[in-house]
Amino acid sequence: MPRSRRRQAEPARPVTRRNRHGRGVRGPVTGPHLPLLQGRIDFFEMSVASCADYLKGLWPQELGDVRFEIASAPAGALGPDEVERWAVDHARRRITLFRVPIERLSKLHRNDDVHRRLVIENCVFRAVAEYLGKDPWELAPERYRHF
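Residues numbered from 1 in each chain as written. Predicted model: local features only at pLDDT ≥ 70, side-chain atom pairs only at ≥ 80, totals over all residues. Heavy atoms only, no water.

### Points about the overall build of the protein
Just so we agree on the cut-off: The numbering of helices and of strands both runs from the N terminus, where a helix is a DSSP run of H or I of at least 4 residues and a strand a run of E of at least 2. Exposure categories follow from relative accessible area, calculated using a 1.4 Å probe and restricted to protein chains: below 20% of the type maximum is buried, above 50% is exposed, and the middle band is partly exposed. The criterion used for residue contact is that any of the two residues' heavy atoms lie within 4.5 Å.
Check the secondary structure of the protein and you find 5 helices and 3 strands. In the protein, the order of α-helices and β-strands from amino to carboxyl end is α-α-β-β-β-α-α-α. Across the 147 residues that make up the protein, the buried fraction comes to 24%. Summarising the internal contacts of the protein: among those between residues at least 6 apart in sequence, 59% fall at separations of at least 24.

### With respect to the sheet that holds strand E1 (residues 67-71)
Hydrogen bonds along the backbone pair up the strands of a sheet, which may run parallel or antiparallel. Definition in use: Pairs of strands are assigned from DSSP output, requiring at least two bridges between the strands. Lines fitted to the C-alpha atoms define the axes, with helices restricted to the stretch that makes contact. Angles between their N-to-C directions range from 0 to 180 degrees.
Taken in spatial order, the 3 strands make up an open sheet running E1-E3-E2, and their pairing is mixed. On the outer flanks of this sheet lie E1 and strand E2 (86-89), each paired with one strand and no other. Neighbour-to-neighbour, the strand axes of this sheet turn through a mean angle of 20°, independent of strand direction. Across 4 bridges, E2 lies against strand E3 (residues 94-98) in antiparallel orientation. Within E3, the position partnered with tryptophan 86 by the bridge is leucine 97. Sitting on the sheet, helix H1 (residues 40-58) is in contact with E1 and E3, with an inclination near 160° to E1. Across the sheet, helix H4 (residues 113-132) touches E1, E2 and E3, and the angle it forms with E2 is around 25°.

### A closer look at the pairing of E3
Among the 5 residues in E3, 5 count as buried, and that is most of the element. Side chains Arg94, Thr96 and Phe98 project from E3 onto one buried face, and the interleaved Ile95 and Leu97 project onto a second face that is buried too. Looking at chain direction, E1 and E3 are connected through 5 bridges and run parallel. Its bridge partner being in E3, phenylalanine 68 is matched across the sheet by isoleucine 95. Between E2 and E3, which pair antiparallel and follow one another directly, the connecting turn spans 4 residues, one of which, arginine 93, has a positive phi of 55°.

### Quick notes on the state of the cysteines
Going by this rule: Note that a disulfide, as used here, is simply two cysteine sulfur atoms within 2.5 Å.
On inspection of all chains with the given rule, the structure shows 0 disulfides. With no disulfide of its own, cysteine 51 lies 10.0 Å from the sulfur of cysteine 123, the closest cysteine sulfur. A residue is classified by how much of its surface remains accessible, and cysteine 51, at 2% relative accessible area, is buried.

### Overview of the environment of serine 72
Along the polypeptide, serine 72 turns up in the loop between E1 and E2. For the pair serine 72 and arginine 99, spaced 27 residues apart in sequence, the C-alpha separation works out to 5.1 Å. Residues in contact with serine 72, not counting those within four places in the same chain, are Phe98, Arg99, Val100 and Pro101.

### Brief notes about the pattern of salt bridges
For clarity, the cut-off: Criterion for a salt bridge: a side-chain nitrogen of Lys or Arg within 4 Å of a carboxyl oxygen of Asp or Glu.
In this structure the tally under the stated criterion is 9 salt bridges. Ionic pairing is found between arginine 94 and aspartate 89, a salt bridge with its closest N-O pair at 3.5 Å. A salt bridge links glutamate 121 to arginine 117, with the nearest nitrogen and oxygen atoms 3.1 Å apart. With glutamate 121 and arginine 117 both in helix H4 and 4 residues apart, this pair spans about one turn of that helix.

Here you go:
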């Protein structure tokens, strides 16, 4: 009797998600040798923290116990054409920076990480200058000596 060309039924394999072309489950997007992906919020928080640490190092007595906070947006707008980008509270020794107005309302001539970071640092400098009652250029005169 001739042999049947039909194969015997193989046992069913467990269904795995994202098993493309038999290559197995996908790994992480960045891989083990690359840094994790960074979002807008993380970038904003790191920029504010690094600038605040820099300024606290320059003004340790005045800014030693000042808290820098980040909020999404202010509770209300100042007027029809103006939205606060930061709030200074002398009584609680707190500076609050509002992420959404700083990111969305700043008009960058080049939209890249360097220019975004410069806008964030500019707002931190201006908020600290308002807190201390000084001009922003007076906060770190050595930093801007080349201008």
